[in-house]
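Each chain, letter by letter, is given below.
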Amino acid sequence: MIIKTDSEGKCQAQGGPATCEDTDCPEGGAAKQEVAAKLGVIADYSKFHPKLAIAFNDAFANTKQMLPDIKLPGVTSADDAYSVLAQKGLYDLNQDPDYDVMSPETKKELAYRLAEHAAEKIKKAAESSNFEMEHIGSYDVICVPKQNTDDYQKLEERTAQARKEGKVSVGSVQGLINHEIAHGINNQLGISNIPEVRTLYKAFVAYSNPSHLSMRAMSDIDEFISEGWGEYMSEATPRPIAQYLGKTIIDKYNEMYPER
Ligand SMILES: [Zn+2]
């Protein structure tokens, strides 16, 4: 393990350049976290392979450039999800939730999602190998399970293979991240409520071959939209459905934020 130090023996990666690719440096994540904060992202990269943190920051920066007013999701390792939820003010790590000051919706969310389901869901998903990362919609946080925070190379290889097999529309880690960000974009812009998009999704499932996008895109309309945006943002030659969905998201964004 290489630890870069300055003349005083302090690690230089702290606040180091965002492009730092010293994959062995244990402080790599901390430097990237500052970059994320500048983009308005609550990130906990402390357990991330530096290349994974870089991939997240690149995807966030690209999204911000294309859709400046979209709120970017938080990001953390699955086992540390609670710490990012706490930073977002959604969960108090030190005390039981104060039910008196909470809206009934929040109460229900907390009781149902966080206290009972989310923790189990995150844990279970992290243990299963086909879960690369997941956007937890109610909290707008992307969680990455341990095996994928640790081994960037393997994640990149598995993703490329999954695309070859038609399982997913994206063949890179960057694409996976754009897929997850798209869940947040969809929640903010309501893309899945657009009648034309619903019609296209139904047609895709009923008549189309998954090879027009991916098998994952067939599971539900949210996955359909995320697969489309992921491909649109990350692949060199997005296929027609991905191009359509990409354009639809940009059009809807311009409609909702006309001053830009
Ligand atoms: Zn998804």
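All values derive from a computational prediction rather than experimental measurement. (Residues numbered from 1 in each chain as written. Predicted model: local features only at pLDDT ≥ 70, side-chain atom pairs only at ≥ 80, totals over all residues.)

(A) Seen up close, the packing of helix H8 (residues 195-207) against helix H9 (residues 221-234). Packing of H8 against H9 leaves a shortest axis separation of 10 Å and a crossing angle of 95 degrees. Considered as vectors, H8 and H9 are oriented roughly perpendicular to each other. Here Val197, Arg198, Tyr201 and Phe204 of H8 lie close against H9, whose contacting residues are Ile221, Phe224 and Ile225. Here the residues of the contact of H8 with H9 are counted per class, giving six nonpolar, no polar and one charged. (Axes fitted to C-alpha atoms, helices over the stretch in contact; angles between N-to-C directions. Helix = DSSP H or I, 4+ residues; strand = E, 2+ residues; numbered from the N terminus. Parallel < 35°, antiparallel > 145°, perpendicular 65-115°, else oblique. Contact = placed C-beta atoms within 7 Å. Nonpolar A, V, L, I, M, F, W, Y, C, P; charged D, E, K, R; others polar.)

(B) Spotlight on the sheet that holds strand S3 (residues 141-144). Strand order in the open sheet formed by three strands is S1-S3-S2, with mixed pairing between adjacent strands. Whereas interior strands pair on both sides, the edge strands pair on one side only; in this sheet they are strand S1 (74-77) and strand S2 (134-136). The mean inter-strand angle of the sheet, taken between neighbouring strand axes irrespective of direction, is 30 degrees. Pairing geometry for S2 and S3, over three bridges, is antiparallel. Across the sheet, the residue bridging to His135 is Ile142, located in S3. (Pairing = 2+ DSSP bridges.)

(C) Up close: the nonpolar core. By size, the foremost hydrophobic cluster in this structure holds 55 residues, and its most contacted members are Phe56, Val141, Cys143 and Trp229. If we ignore the near neighbours within four places in the chain, the residues touching Phe56 are Ala43, Val75 and Ile177. (Core = buried A, V, L, I, M, F, W, Y, C linked by C-beta atoms within 7 Å. Buried ≥ 20, exposed ≤ 12 C-beta atoms within 10 Å, placed from the backbone.)

(D) Main features of unusual backbone geometry. One non-glycine residue with positive phi stands out, namely Asp140, at about 50 degrees. Following the sequence through the fold, Asp140 ends up in the loop between S2 and S3.

(E) Summary view of helix H6 (residues 152-164). Between its first and last C-alpha, H6 extends 19 Å over 13 residues, near the 18 Å set by a 1.5 Å rise per residue. For H6, the set of buried residues is Leu155, Thr159 and Ala162. Within H6, the buried residues cover an arc of 65 degrees as seen down the axis, which keeps them to one side. Residues of H6 that are exposed and point over 90 degrees away from its buried face: Gln153, Lys154, Glu157, Gln161 and Lys164. Taken together, the buried residues of H6 touch helix H5 (146-150) and helix H7 (173-189). Just beyond H6, the residue with positive phi is Gly166, at close to 80 degrees. (Expected span 1.5 Å × (residues − 1). Arc of directions from axis to C-beta.)

(F) Main features of the environment of Glu156. Mapping Glu156 onto the fold places it in helix H6. Among the residues examined, Glu156 registers 18 C-beta atoms within 10 Å and is labelled partly exposed. With 17 residues separating them in the primary sequence, Glu156 and Val173 have C-alpha atoms 5.6 Å apart. In this structure, Glu156 is in contact with Ser172 and Val173, ignoring residues within four places of it in sequence.

(G) Main features of H9. Here H9 contains 14 residues, and its C-alpha end-to-end distance of 20 Å stays within 8% of the 20 Å for a straight helix at 1.5 Å per residue. With respect to burial, H9 is a largely interior element, twelve of its 14 residues being buried. Turning to H9, its buried residues number three or more, namely Glu223, Phe224, Ile225, Ser226, Glu227, Gly228, Trp229, Gly230, Glu231, Tyr232, Met233 and Ser234. Lining the buried residues of H9 we find helix H2 (50-66), H7, H8 and helix H10 (240-256).

(H) Seen up close, the pairing of S3. Residues Val141 and Cys143 of S3 are buried on one face, and the alternating residues Ile142 and Val144, pointing to the opposite face, are buried as well. Counted along the chain from S2 to the antiparallel partner S3, the turn is four residues long, and its residue Asp140 has a positive phi close to 50 degrees.

On their own, these measurements won't tell you what the molecule is for.
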